[in-house]
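# A structural walkthrough
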Amino acid sequence: MTSPAKKMHRTLLFAPGSRIELLTKAQLGAADAMIFDLEDSVPLNAKAEARQNVQQVLALGLKKPMYLRISNPRAGDYLADLGVLHNQSLVNVAGVALPKADDAQDIETVSKALQEIEIKAGVAVGSLSILPMIETCLGLRNSFDIAKSSKRVSGMALASAEQGDFMVDLGGRWTPRNLALTYPRSKLVVDSRAAGVEWIVDGVFMNLKDTQLLREECLIARELGFVGKMAIHPTQVDVMHDVFSPSAEEIEYARGLIAAFREGEARGVGAVKYEGMMVDYANVRLAERTLALVESL
């Protein structure tokens, strides 16, 4: 079973568990990975049916990586949600998306439950990863501790939707300039990088009609250090891929920079001139990150 922690998906497409046809359809699109949702997109009176739908789709086999969004242990029956993974093939089950992650205890609680699933399935302990979703100011306050809490944490995500849980908790006002989210996005990136987490995912964009505004939000997120975004509809995926994929020029530049630096390094030089710019180890790290994004796709 390939470790999901090595993957930095550009796009994660949501599919509500209560809509079995969407669970199937999500696998046929261009998104890098999927989120099968058993949380907010599923009404309380449809939870049992949603779990059955996910089990049915899992039994048929997944065509691409999937994260199961479960209830937070403090807010719902997360064990019943995780129950859909029992007695199933875990091929392409990347792990869980954990909503409203507020502290390291949330990660520890879910991690213990995942370990039981792995042992029963006969796969390596640690195979199933956790993608914490920061949806509160408290979660943002604790984001470094959350990112550092477990080797299972394969990435970090910010619930940045226009009228989502985080914005409501923040009390901010969404505008196309995204000023209310500048600090939260930046803090999450800094905390994640400090904890050694490279895969940082921006939240959903709710306006399905305004493709240009979607592109602008993606560009803002990428400029701040995010490497992917969550989608609520397949029509959003192409724009997200276009923004979060390194261009051919970026790839060529990164490869050339690394080659030039290694040549200089072999001669005992710690900084070299490349295309009119002095570059050193920091530039190499950035170039390597660019190539890592390409290799992880």
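Please read all numbers here as calculations on a predicted model, not as lab measurements.

## Quick word on helix H12 (residues 281-295)
Note that an α-helix has 3.6 residues per turn; residues three or four places apart therefore point the same way. Along its 15 residues, H12 runs 21 Å from first to last C-alpha, staying within 8% of the 21 Å computed at 1.5 Å per residue. Asn-283, Val-284, Ala-287, Thr-290, Leu-291 and Leu-293 are the residues of H12 that are buried. As for H12, its buried residues are in contact with helix H11 (248-266) and strand S10 (277-279). For H12, the N-terminal cap is Asp-280; the gap from its side-chain oxygen to the backbone nitrogen of Ala-282 is 3.1 Å.

## Looking at the environment of Ala-50
Among the structural elements, Ala-50 can be located in helix H2 (residues 47-60). Ala-50 gets classed as buried once you look at its relative accessible area, which sits at 0%. Residues Ala-50 and Leu-38 lie twelve residues apart in sequence; the distance between their C-alpha atoms is 6.6 Å. When neighbours within four sequence positions are excluded, Ala-50 is seen to be in contact with Gly-17, Ser-18, Leu-38 and Val-42.

## Observations concerning the packing of helix H9 (residues 211-224) against helix H10 (residues 237-244)
Between H9 and H10, whose axes approach to 9 Å, the crossing angle comes to 35 degrees. In this structure, H9 crosses over H10, and the sense of that crossing is right-handed. Side by side, H9 and H10 meet where Thr-211, Leu-214, Arg-215, Cys-218, Leu-219, Ala-221 and Arg-222 of the first sit next to Val-239, Met-240, Asp-242, Val-243 and Phe-244 of the second. The residue inventory of the contact of H9 with H10, partitioned by class, reads eight nonpolar, one polar and three charged.

## With respect to the environment of Leu-214
Relative to the assigned elements, Leu-214 resides in helix H9. Sequence-wise, Leu-214 and Val-204 are ten residues apart; in three dimensions their C-alpha atoms are separated by 9.6 Å. Excluding anything up to four places from it in sequence, Leu-214 contacts Phe-205, Lys-229, Gln-236, Val-239 and Met-240.

## Concerning the sheet that holds strand S6 (residues 155-158)
Working definition: the strands of a sheet are paired by backbone hydrogen bonds and lie parallel or antiparallel to each other. Strand order in the closed barrel formed by eight strands is S1-S2-S3-S4-S5-S6-S7-S8, with parallel pairing between adjacent strands. Strand-to-strand, the axes of this sheet are offset by a mean angle of 25 degrees, without reference to chain direction. In terms of strand pairing, strand S7 (residues 199-202) meets strand S8 (residues 228-231) through two bridges, oriented parallel. Its bridge partner being in S8, Asp-202 is matched across the sheet by Lys-229.

## Some thoughts on the nonpolar core
Formed by 63 residues in total, the largest nonpolar core has its most connected members in Phe-36, Leu-68, Leu-82 and Leu-85. Residues within four places of Leu-85 in sequence aside, it is in contact with Leu-58, Leu-68, Leu-90, Val-93 and Ile-117. Phe-14, Met-133, Val-201 and Leu-293 belong to the second-largest nonpolar core, a separate cluster that totals 18 residues.

## Considerations on unusual backbone geometry
Not every positive phi belongs to a glycine, and Asn-178 is a case in point at roughly 60 degrees. Structurally, the position occupied by Asn-178 is in the loop between helix H7 (165-170) and helix H8 (179-194). Unusually for a residue other than glycine, Glu-275 sits at a positive phi of about 50 degrees.

## Some remarks on the confidence of the model for the protein
Confidence in the prediction of the protein, expressed as mean pLDDT, is 93, and 97% of residues score 70 or more. Of the regions scoring below 50 in pLDDT, residues 1-5 engages in eleven contacts with residues more than four places distant in sequence or in other chains.

## Points about H10
H10 sits mainly inside the fold: six of its eight residues count as buried. Every buried residue of H10 is listed here: Val-237, Val-239, Met-240, His-241, Val-243 and Phe-244. Buried-residue contacts for H10 involve strand S1 (11-16), H9 and S8.

What counts and how
Residues numbered from 1 in each chain as written. Predicted model: local features only at pLDDT ≥ 70, side-chain atom pairs only at ≥ 80, totals over all residues. Heavy atoms only, no water. Helix = DSSP H or I, 4+ residues; strand = E, 2+ residues; numbered from the N terminus. Expected span 1.5 Å × (residues − 1). Buried < 20%, exposed > 50% of the residue type's maximum accessible area, 1.4 Å probe, protein only. Contact = heavy atoms within 4.5 Å. Polar contact = N/O pair within 3.5 Å; in protein donor to acceptor, adjacent residues only side chain to side chain. Axes fitted to C-alpha atoms, helices over the stretch in contact; angles between N-to-C directions. Left-handed = near helix turned anticlockwise from the far one by under 90°. Nonpolar A, V, L, I, M, F, W, Y, C, P; charged D, E, K, R; others polar. Pairing = 2+ DSSP bridges. Core = buried A, V, L, I, M, F, W, Y, C linked by side-chain atoms within 4.5 Å. pLDDT = per-residue confidence, 0-100.

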